[in-house]
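Spelled out, the chains give:
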Amino acid sequence: MPLPQEFHDIAARVNNWGRWGADDEIGTLNLITDEVVRAAAATVRSGRRVPLALPLRQDGVQTGMIPGRVNPLHTMTAINQEIFGPGTVATSDDAVTMGLQAATHWDGLTHVSHSGRLYNNHPADAVTAHAGATVLGIEKATPITSRGVLLDVARAHGTDLLPGGHAVTPEDLDAAEELAGTTVRAGDIVLVRTGQLRHYLAGDRQAYAFPSPGLSLRTPEWFHARDVAAVANDTLTFEIFPPEIEDLWMPVHALDLVEMGMLQGQNWNLEELAAACAEEGRYSFFLSAMAEPFVGGSGTPVAPVAVL
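Everything numeric in this text was worked out from a predicted model, so none of it was measured.

### Considerations on the nonpolar core
For step 1, the next point in the chain: Core analysis: the largest hydrophobic core is formed by 40 residues, its most contacted members being Trp106, Leu150, Leu191, Trp268, Leu273, Phe285 and Leu287.
For step 2, the next point in the chain: Of all the secondary structure elements, the ones that give two or more residues to this core are strand S9 (189-193), strand S11 (230-233), helix H8 (251-260), helix H9 (271-280) and strand S13 (284-288).
For step 3, the next point in the chain: Among the elements that line this core, the one with the most residues is H9, at 4 residues.
For step 4, the next point in the chain: Once residues lying within four places of it in the same chain are set aside, the contact partners of Leu191 are Leu52, Val149, Leu150, Leu151, Ala232, Trp268, Leu270, Leu273, Phe285 and Leu287.
For step 5, the next point in the chain: In this structure, Val190, Val228, Ala254 and Leu255 belong to the second largest nonpolar core, which totals 28 residues.

### Here we look at the environment of Asp160
For step 1, the next point in the chain: Note that Asp160 resides in the loop between helix H3 (153-156) and strand S8 (167-168).
For step 2, the next point in the chain: Here Asp160 is in contact with Ala154, Arg193, Thr194, Gly195 and Arg198, once residues within four sequence places are set aside.

### Comments concerning the packing of aromatic side chains
Any aromatic ring pair is given by two values, namely how distant the centres are and how the planes are angled relative to each other.
For step 1, the next point in the chain: Scanning the model with the defined rule gives 5 aromatic pairs in all.
For step 2, the next point in the chain: With a centroid separation of 6.0 Å and 45 degrees between ring planes, the pair formed by Tyr200 and Tyr208 is classed as tilted. This pair shows no difference in class: Tyr200 is buried, exactly as Tyr208 is.
For step 3, the next point in the chain: Taking 5.6 Å as the distance between ring centres and 50 degrees as the angle between the ring planes, the aromatic pair formed by Phe241 and Trp249 counts as tilted.
For step 4, the next point in the chain: Just above the ring of Trp222 sits the side chain of Arg226; from NZ or CZ to the centre is 3.7 Å.

### Quick notes on the pattern of salt bridges
For step 1, the next point in the chain: Tallied over the entire structure, the rule returns 16 salt bridges.
For step 2, the next point in the chain: Of the charged contacts, one joins Glu35 and Arg38 as a salt bridge, the two residues approaching to 3.6 Å between their closest N and O atoms. In this pair, Glu35 and Arg38 both sit in helix H2 (residues 34-41), 3 residues apart, roughly one turn of the helix.
For step 3, the next point in the chain: Residue Arg38 is classed as exposed on the basis of its relative accessible area of 54%.
For step 4, the next point in the chain: Residue Glu279 pairs with Arg48 through a salt bridge whose shortest N-O separation is 3.4 Å.

### Some remarks on the pairing of S13
For step 1, the next point in the chain: For S13, a buried count of 4 out of 5 residues is recorded, marking the element as mostly surrounded by other parts of the structure.
For step 2, the next point in the chain: Two strands pair when backbone bridges link them, and strand S7 (residues 145-152) and S13 are joined in this way by 5 bridges, in the antiparallel orientation. The partner of Thr145 across the bridge, within S13, is Ser288.
For step 3, the next point in the chain: Sheet topology places S13 next to strand S15 (residues 305-307); 3 bridges connect them, and they run antiparallel. Residue pairing for S15: Phe286 is matched across the bridge by Val307.

### Regarding the side chain of Thr145
For step 1, the next point in the chain: In this fold, Thr145 is placed in strand S7.
For step 2, the next point in the chain: Since its relative accessible area comes to 17%, Thr145 is described here as buried.
For step 3, the next point in the chain: Setting aside residues up to four positions removed in sequence, Thr145 forms contacts with Ile32, Val37, Phe286, Leu287, Ser288 and Met290.

### A closer look at the environment of Met65
For step 1, the next point in the chain: Positionally, Met65 belongs in the loop between strand S1 (49-51) and strand S2 (73-81).
For step 2, the next point in the chain: A relative accessible area of 33% places Met65 in the partly exposed class.
For step 3, the next point in the chain: Beyond its immediate sequence surroundings of up to four residues, Met65 is in contact with Ala209, Phe210, Leu236, Thr237 and Phe241.

### Some thoughts on the sheet that holds S15
For step 1, the next point in the chain: Read from one edge of the open sheet, 9 strands run S1-S15-S13-S7-S9-S11-S12-S4-S14, paired in mixed fashion. Strands at the two margins of the open sheet, each flanked by one partner only, are S1 and strand S14 (299-301). Shown here is a sheet whose adjacent strand axes are inclined to one another by a mean of 25 degrees, direction ignored.
For step 2, the next point in the chain: Pairing of S7 with S9, which is carried by 5 bridges, proceeds in the parallel orientation. Residue pairing for S9: Val149 is matched across the bridge by Val190.

Rules behind the numbers
- Residues numbered from 1 in each chain as written.
- Predicted model: local features only at pLDDT ≥ 70, side-chain atom pairs only at ≥ 80, totals over all residues.
- Heavy atoms only, no water.
- Core = buried A, V, L, I, M, F, W, Y, C linked by side-chain atoms within 4.5 Å.
- Buried < 20%, exposed > 50% of the residue type's maximum accessible area, 1.4 Å probe, protein only.
- Helix = DSSP H or I, 4+ residues; strand = E, 2+ residues; numbered from the N terminus.
- Contact = heavy atoms within 4.5 Å.
- Phe/Tyr/Trp six-rings, centres within 6.5 Å; stacked < 30°, edge-to-face > 60°.
- Lys NZ or Arg CZ within 6 Å of the ring centre and 35° of its normal.
- Salt bridge = Lys/Arg side-chain N within 4 Å of Asp/Glu carboxyl O.
- Pairing = 2+ DSSP bridges.
- Axes fitted to C-alpha atoms, helices over the stretch in contact; angles between N-to-C directions.

Have a look at this one:
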């Protein structure tokens, strides 16, 4: 279906085109300033480090539902090979073929387009078959280190796992922010926990993929109002799937990536972090989530670490 007027109205309210200049290619990452990073570093108290990435494995989260997004295929190219002659030091090497968004990842600003445009009014045909993203490629992303805030929506609802048809609303984010005891502020990276990844961790890839709770069409305005730098969650599709409006597919992707220029992450493992935050009674931390600089990439694998 064509994008409805409701979508275009929200798009006009969250649009950041030109905010950081006509040549800007990093969008809301501009909000992660030196001052923001210094303040983020001050959140470290215990030094407890919590990894947030899923293992990269051939039987990973991808089930074939998303065409071309293949789990990692790991191949050994050399095994204890004495390449400098018999008796010399032997080496082993390996290679991998995978979708850049196969497991824990960031969606880059060229991952989706709408109405023929990308973020900051770049034409959608700037993404080409041979060069990939000729503008807005993931390699343009500046170092992604900032204050992270966990909004544990599932815990705010008194459950470990939101139901598959739950659209996370601004009201849900408000409740999780109150639970966190902190206010989301400019330059923060927000992690939204639904508990959906528990399906995958229990071995049920199909239940993890579909149906899935996720962010609703109303949440981009919440993030825009707070000048959030990036958002990630613990689902395959990021937004609610199937969509909350019949036949309106991926509208949150379009609002976040195209209109706001805000990176969004999926398949983040927030279970250990949720337990650590509940145990320590605080939900903000230093977060490192650097993008791998694949030139022309529309996304990137990432191995985020939260430091409490």
